[in-house]
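A look at the structure
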Amino acid sequence: GEDVEQSLFLSVREGDSSVINCTYTDSSSTYLYWYKQEPGAGLQLLTYIFSNMDMKQDQRLTVLLNKKDKHLSLRIADTQTGDSAIYFCAESITSSASKIIFGSGTRLSIRP
Amino acid sequence: NAGVTQTPKFQVLKTGQSMTLQCAQDMNHEYMSWYRQDPGMGLRLIHYSVGAGITDQGEVPNGYNVSRSTTEDFPLRLLSAAPSQTSVYFCAAKEGGTSYEQYFGPGTRLTVT
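All of these numbers come straight from a predicted model, not from anything done at the bench.

About the thresholds
- Residues numbered from 1 in each chain as written.
- Chains lettered and ligands numbered in written order.
- Predicted model: local features only at pLDDT ≥ 70, side-chain atom pairs only at ≥ 80, totals over all residues.
- Heavy atoms only, no water.
- Pairing = 2+ DSSP bridges.
- Helix = DSSP H or I, 4+ residues; strand = E, 2+ residues; numbered from the N terminus.
- Axes fitted to C-alpha atoms, helices over the stretch in contact; angles between N-to-C directions.
- Contact = heavy atoms within 4.5 Å.
- Salt bridge = Lys/Arg side-chain N within 4 Å of Asp/Glu carboxyl O.
- Polar contact = N/O pair within 3.5 Å; in protein donor to acceptor, adjacent residues only side chain to side chain.
- Nonpolar A, V, L, I, M, F, W, Y, C, P; charged D, E, K, R; others polar.

Okay, the sheet that holds strand S8 (residues 76-78) of chain B next. Residues and elements named next belong to chain B. One open sheet holds the four strands; their spatial order is S1-S3-S8-S7, and the pairing between them is antiparallel. Here the strands that pair on one side only, and so sit at the sheet edges, are strand S1 (4-7) and strand S7 (64-66). Strand-to-strand twist across the sheet, computed as the mean angle between neighbouring axes with direction ignored, equals 20°. As defined by bridge partners, S1 adjoins strand S3 (residues 19-25) across four bridges and the pair is classed as antiparallel. Each residue of the ladder has a partner; that of Val4, found in S3, is Gln25.

Shown next as structure tokens:
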């Protein structure tokens, strides 16, 4: 079935890099996404990668996609206190263009 | 341009009561979806719609009904509320075709006692 898995917690020191990992099951996904949710707020699209790409960089964010292993990662360089949030990995299901399956979210906390 | 709006923001229901969560979008997007968010479980898709008059079930549809009579509105009905439906509910809208971005509403926090 369709499933997206990610670890629940990550703690990093301010200024270090954060790497959040995700695995997914649908090998024919069109897009893979990273969403950010701050406390009490809805989800905000952080970045996405098309399935025929290996890497995408956007300022402090780097997304790596390994299609063979169905593994997606999000690297945040120079992590700041404002990066504290829950990060959700998600995949679009090609059998239904509107269906997006989310992982359980990784809570990123920043240590001084 | 308000994007996706949801009402109410908070709601408390007694077991067995029914209610409708409202969702509206002003972006003329074809696709709309309802998700519920529970701690440690991420977002799970309840129902979705690919256009006015068309709806389909997601991962967890039981206990919920939807309709899509207009492009703008996609209400979610709880027929007989149960404590297991205590959750935060998010509505989302997306352009059709190969569009990648899904826009989320601010959420409705529902408690069923």
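Interfaces are often sized by the accessible area lost when the parts come together. Residue-level contacts link 20 residues of chain A with 23 residues of chain B. At the boundary of chain A and chain B, one finds zero salt bridges. Counting across the chain A and chain B interface gives two residue pairs in polar contact (both at pLDDT 80 or more). Those elements that place two or more of their residues in the side of chain A that touches chain B are strand S4 (31-37), strand S5 (43-50) and strand S10 (100-102) of chain A. Ranked by the residues each element gives to the side of chain A that touches chain B, the list is headed by S4 of chain A, at four residues. Of the residues belonging to the side of chain A that touches chain B, the class tally is 13 nonpolar, six polar and one charged.

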